[in-house]
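For reference, the chains in residue letters:
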Amino acid sequence: MNSYFEMEPYSAELILPDVWHVQDATIANPAGEHHDGSFNNPSSIYVIEDAHKVLVIDAGNPHEKGALRTIVNQIAQGRVIEVAITHNHFDHVGQLADFDDCTLYLPLKDFDLTHYPNGKGIQDQDQIRLGRHTFVCIETPGHTAGSMCYYDACHHLLATGDAFGSS
């Protein structure tokens, strides 16, 4: 697979040997609006690969059902998919329904797990293991009550959602 590819409305770029950055590829018109009336709010999604699984961090903006799953499936190539959400805002959970058959790691202070049969509630210092990667869940309240960062100290990876910066 190439280290960069596009699948409408996303682009995916391999930024480390096993880490993909996926972003909305939609380009705004000069007024800042898209042809579908949405606003210019690109969202970063990360896909971390392991030999047997991939971990998707955040589920981006709402788009047509299946849009994000298609690009994640291209990267996963049949491996198990798990999803970790940084916080419960539309631009981070917009395609969450694409992954209703996957394990979902959801911050307990932001989500009612009764709505997510495959949801696993996470809180500060919990861990998500993915082969050689171990992500520590770090509560970073402020943006939302349950904002969560995911930190892999061994590989110097930190996914912050909107807890630190944005876009």
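In case you missed it, the structure is sitting above this.
Residues numbered from 1 in each chain as written. Predicted model: local features only at pLDDT ≥ 70, side-chain atom pairs only at ≥ 80, totals over all residues. Heavy atoms only, no water.

### Quick look at the packing of aromatic side chains
Here is step 1: Enumeration according to the criterion identifies two aromatic pairs in this entry.
Here is step 2: Pairing Phe5 with Trp20 gives two aromatic rings, centres 5.5 Å apart and planes at 70°, and the pair type is edge-to-face. Of this pair, Phe5 sits in strand E1 (residues 4-7) while Trp20 sits in strand E3 (residues 19-24), placing them 15 residues apart in sequence.
Here is step 3: Note on Phe5: relative accessible area 14%, which makes it buried.
Here is step 4: Judged by its relative accessible area of 3%, Trp20 falls in the buried class.
Here is step 5: When the centroid spacing of 5.6 Å and the interplanar angle of 80° are considered together, the rings of Phe111 and Tyr116 count as edge-to-face. (Phe/Tyr/Trp six-rings, centres within 6.5 Å; stacked < 30°, edge-to-face > 60°. Helix = DSSP H or I, 4+ residues; strand = E, 2+ residues; numbered from the N terminus. Buried < 20%, exposed > 50% of the residue type's maximum accessible area, 1.4 Å probe, protein only.)

### Comments concerning the sheet that holds E1
Within a sheet, neighbouring strands are paired by backbone hydrogen bonds and run either parallel or antiparallel to one another.
Here is step 1: Sheet architecture is open: eight strands sit in the order E1-E2-E3-E4-E5-E6-E7-E8, paired in mixed fashion. Unpaired on one side and paired on the other, E1 and strand E8 (119-122) mark the two borders of the sheet. When the angles between neighbouring strand axes are averaged without regard to direction, this sheet yields 20°.
Here is step 2: Judged from the four bridges that link them, E1 and strand E2 (residues 10-16) form a sheet pairing that is antiparallel. Paired with Tyr4 across the two strands is Glu13, which belongs to E2. (Pairing = 2+ DSSP bridges. Axes fitted to C-alpha atoms, helices over the stretch in contact; angles between N-to-C directions.)

### What about the sheet that holds strand E12 (residues 157-159)?
Here is step 1: If you trace the four strands from one edge of the open sheet to the other, you get E9-E10-E11-E12, paired in antiparallel fashion. Strands with a single pairing partner mark the edges of an open sheet, and in this sheet they are strand E9 (127-130) and E12. Between one strand axis and the next, the sheet turns through 20° on average, direction left out of account.
Here is step 2: Taken together, the four bridges between E9 and strand E10 (residues 133-139) define a ladder with antiparallel strand orientation. Each residue of the ladder has a partner; that of Ile128, found in E10, is Phe135.

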